[in-house]
Amino acid sequence: PAYGSRISHEFLAAQLQVMGDELFAREHLGVWDALPSMTVASGAKLPEVAWRDTEIAAAPPIRSGELAMAFDVEVDNSYAAISIASGTLADAYVETIEHRPGVGWLPGRIVELVQRWNPSKVVTDAGSGAAVAVVGEINELLERHRLPAGVIQVMTSSQYRAACSAFVQAVIDNKVHRPIVDNDRLLQAGLTARERKVGDAFVFDRRNSPDPIVALTSAAMARAQLSDPVSSTFAGAFHDLSDFLTD
């Protein structure tokens, strides 16, 4: 409806070039996102039924200081995403709260969200060169706004592999949930993300998946920052036992 007034022919032509036919059809031409031929990609890593079953009607209450955040950027800088996670590893809630074309908007938006939500940490993947490239600018903005630069952390490659693997298992075990939203980039990423083998492990493949998947990779990284109450219990018990043996 906005074509010829707010949206120019040149803009749409550029969007088509970046998005490809299917994503452009969903984003700009009103093609329904739930058509199986449009959503499920061959070779997708997440099991479709289990992934769709992670959807919940109402998001849980989230308070400032009680969430983790992650961001990621497509290898060609076509899209960037910011996701949050709250709860625990055994019962996680994830949501992609920003998914936009390009990267220029990302540092300023992260600073805004840090100011508003006070996340425990904001992470990205060391193997994502496009994401790591903006870390310096984010830290500069945080310093300018007198916010703690230490909140930005870069995950190692092994931590990122573990986050991807754990996210898949959490989906299968129904230990992660996501909201119902319009134009759901997180749902779509989960239905199309392929894997890239790394030794005996894997990561979600940003380069060879048919759709942008940074909504999924950022959600997986954010979830990995949550505490596990079972693990914490055992850690506390081990600490008590160590003190007893020392005494």
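The structure displayed is predicted, hence computed values, not measured ones. (Residues numbered from 1 in each chain as written. Predicted model: local features only at pLDDT ≥ 70, side-chain atom pairs only at ≥ 80, totals over all residues. Heavy atoms only, no water.)

Draft legend 1. Representation of helix α10 (residues 214-223) in the model. Counting buried positions over the ten residues of α10 gives ten, a clear majority of the element. Turning to α10, its buried residues are Val214, Ala215, Leu216, Thr217, Ser218, Ala219, Ala220, Met221, Ala222 and Arg223. (Buried < 20%, exposed > 50% of the residue type's maximum accessible area, 1.4 Å probe, protein only. Helix = DSSP H or I, 4+ residues; strand = E, 2+ residues; numbered from the N terminus.)

Draft legend 2. Focus on the sheet that holds strand β3 (residues 79-88). Strand order in the open sheet formed by seven strands is β1-β7-β4-β3-β2-β5-β6, with mixed pairing between adjacent strands. The sheet terminates laterally at β1 (55-56) and β6 (152-155), the two strands that pair on one side only. Alignment of β1 against strand β7 (residues 176-179), held across two bridges, turns out to be parallel. Bridge pairing links Glu55 to Arg178 in β7. Running at roughly 160° to β6, helix α7 (residues 135-144) makes contact with β2 (68-73), β5 (122-125) and β6 of the sheet. Its contacts with the sheet put α10 on β2, β3, β4 (91-101), β5, β6 and β7, and the angle it makes with β3 is roughly 30°. (Pairing = 2+ DSSP bridges. Contact = heavy atoms within 4.5 Å. Axes fitted to C-alpha atoms, helices over the stretch in contact; angles between N-to-C directions.)

Draft legend 3. The layout of surface pockets, seen in detail. The computed volume of the largest pocket comes to approximately 260 Å³. If you go around the largest pocket, you meet 18 residues; those closest to its centre are Asp125, Gly127, Ser128, Arg196 and Arg206. Elements with a minimum of two residues in the lining of the largest pocket: α6 (129-132), α8 (157-172), β8 (195-198) and β9 (201-204). Counting residues per element, the lining of the largest pocket draws most heavily on α8, at three residues. Looking at side-chain class alone, the lining of the largest pocket contains seven nonpolar, four polar and seven charged residues. (1 Å grid on protein atoms, 1.4 Å probe; cavity = no way out; pocket = protein on both sides within 12 Å on 5 of 7 lines; lining within 4 Å. Points joined across faces, edges and corners; volume = space filled by probe spheres on them. Nonpolar A, V, L, I, M, F, W, Y, C, P; charged D, E, K, R; others polar.)

Draft legend 4. Spatial organisation of α7. Among all positions in α7, only Val135, Ile138, Leu141 and Leu142 are buried. Looking down the long axis of α7, one finds its buried residues gathered within 125° of arc, a one-sided arrangement. Facing away from the buried side of α7 by over 90 degrees, the exposed positions are Glu140, Glu143 and Arg144. At its buried positions, α7 is contacted by β2, α5 (106-117), β5, α6 and β6. Directly after α7, the chain includes Arg146, whose backbone phi takes a positive value near 60°. (Arc of directions from axis to C-beta.)

Draft legend 5. Expanded view of the nonpolar core. One finds Trp51, Phe167, Phe204 and Leu216 to be the most contacted residues of the largest nonpolar core, which totals 34 residues. Of all the elements in the fold, those that place two or more residues in this core are α4 (48-52), β2, β4, α8, α9 (185-192), β9 and α10. Among the elements that line this core, the one with the most residues is α8, at seven residues. Among all residues touching Trp51, those that are not within four sequence positions of it are Leu46, Phe167, Val171, Arg178, Leu186, Leu187, Gly190, Leu191 and Leu216. The next biggest cluster of nonpolar side chains, apart from the first, holds 24 residues, and it includes Met69, Ile110, Val111 and Val135. (Core = buried A, V, L, I, M, F, W, Y, C linked by side-chain atoms within 4.5 Å.)

Draft legend 6. Focus on unusual backbone geometry. Non-glycine residue Asn174 carries a positive phi angle of around 60°. Mapped onto the elements of the fold, Asn174 is located in the loop between α8 and β7. For Asn174, a relative accessible area of 45% puts it in the partly exposed group. One non-glycine residue, Asn183, adopts positive backbone phi at about 50°.

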